[in-house]
Amino acid sequence: MQTLRQILDHSSQGGVAVGHFNVSDLVLLKAVFAAARELQVPVIVGASEGERAFLGTRQLAALVRSLRDEFDFPIFLNADHTHSLAKALEAAHAGYDAIVFDASALPFEENVRQTREALHAVKAINPAMLVEGEIGDIGTGSEIHDTAPDLTAGLTSPDQARQFVEATGVDILAPAVGNMHGMLHSMVLGETRKHLDIERIAQIKKAARVPLTLHGGSGTDDNDLRQAISAGINIIHMNTELRVAWRQALDRALAQQPQEIVPYKLLPSVIESVKQVTSARLRLFNRM
Ligand SMILES: [Zn+2]
């Protein structure tokens, strides 16, 4: 089986991106795995500190590893948005394939210092673990927001990107290129979409020369996503779209079967709904 690094290298050549989907329960994990397996495309499952705290850092690693081994399938696990060295070490010890070390809220120099420190510490435990660093402001919370934050001051410049990658040695970079965590109500309703700064992505790619991740992909215009991949994005994160599908399908299942108490009779329709959202995004990312 190919390593995640090999898959990312091939994604650049093939003009495709690897889908990264956050999970916080078994319903979401089963949905993401089923979608990727049906389409036969590699996939990354992500869990933030909050999602890991709920699922269990080591328990999620065991679940993903069991899927990879039993089905001989390229499913990888990422410790998303990790803010402390202690949590980074915990993920490395648990066998995660990749980590997003996120000190982006700190001043640039401090972000560099902490990211470097975390990178050396996790590579000492597992040299194959890929480390992603983040610069710029893409907001917080994969939730539904009432108003859009003004993130224009926090856009990543190509110079910053190059400096950051050189100073930290990160394997992957997450820039701020018009993307934003979470969705607005109008995006959930399909009335508005996020748009990306494609030219900035291309310039950052040229300057940084590492795989790039687009965070906060939910609610982004399809054509912007295609152009972003062509401009150099290798990984695309989706969380809020899956959470919206999960909640809406769960509401429907409970309303349709008010007397049902058996989880495995209520939840398959929820898995199916999340799987459909995941499949649509994987098709787009993989040009299918
Ligand atoms: Zn993110």
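If you're wondering where the values come from, they're calculated on a predicted model, not measured in any experiment. (Residues numbered from 1 in each chain as written. Predicted model: local features only at pLDDT ≥ 70, side-chain atom pairs only at ≥ 80, totals over all residues.)

The next point concerns the overall build of the chain. Assigned secondary structure in the chain consists of 13 helices and 10 strands. For the chain, the C-alpha radius of gyration of 18 Å lies close to 19 Å, the compact-globule estimate for 288 residues. Across the 288 residues that make up the chain, the buried fraction comes to 50%. Nonlocal contacts in the chain, meaning residues at least 24 apart in sequence, comprise 70% of its contacts between residues at least 6 apart. (Helix = DSSP H or I, 4+ residues; strand = E, 2+ residues; numbered from the N terminus. Rg over C-alpha atoms; globule rule 2.2 N^0.38 Å. Buried ≥ 20, exposed ≤ 12 C-beta atoms within 10 Å, placed from the backbone. Contact = placed C-beta atoms within 7 Å.)

Ranked by size, the top nonpolar core spans 83 residues in total, and within it Val32, Val45, Ile99, Leu173 and Val274 carry the most contacts. A total of 8 residues in this core trace back to one element, the largest contributor, which is helix 2 (residues 26-39). If near-sequence neighbours (up to four positions away) are discounted, Val45 is found in contact with Phe21, Val23, Leu29, Val32, Val64, Ile75 and Leu77. (Core = buried A, V, L, I, M, F, W, Y, C linked by C-beta atoms within 7 Å.)

All of the buried residues in helix 7 (residues 158-168) are Ala161, Phe164, Val165 and Thr168. An end-on view of helix 7 places all buried positions within 95° of arc, on one side of the element. Those residues of helix 7 hidden inside the fold are in contact with helix 6 (108-125), strand 5 (130-134), strand 7 (172-174) and helix 9 (198-208). (Arc of directions from axis to C-beta.)

Glancing now at helix 6. A rise of 1.5 Å per residue sets the reference length of helix 6, with its 18 residues, at 26 Å; its end C-alpha atoms lie 26 Å apart and thus fit the reference within 8%. Within the span of helix 6, buried status applies to Asn111, Val112, Gln114, Thr115, Ala118, Leu119 and Val122. Those residues of helix 6 that are buried are in contact with helix 5 (85-94), strand 4 (98-101), strand 5 and helix 7. (Expected span 1.5 Å × (residues − 1).)

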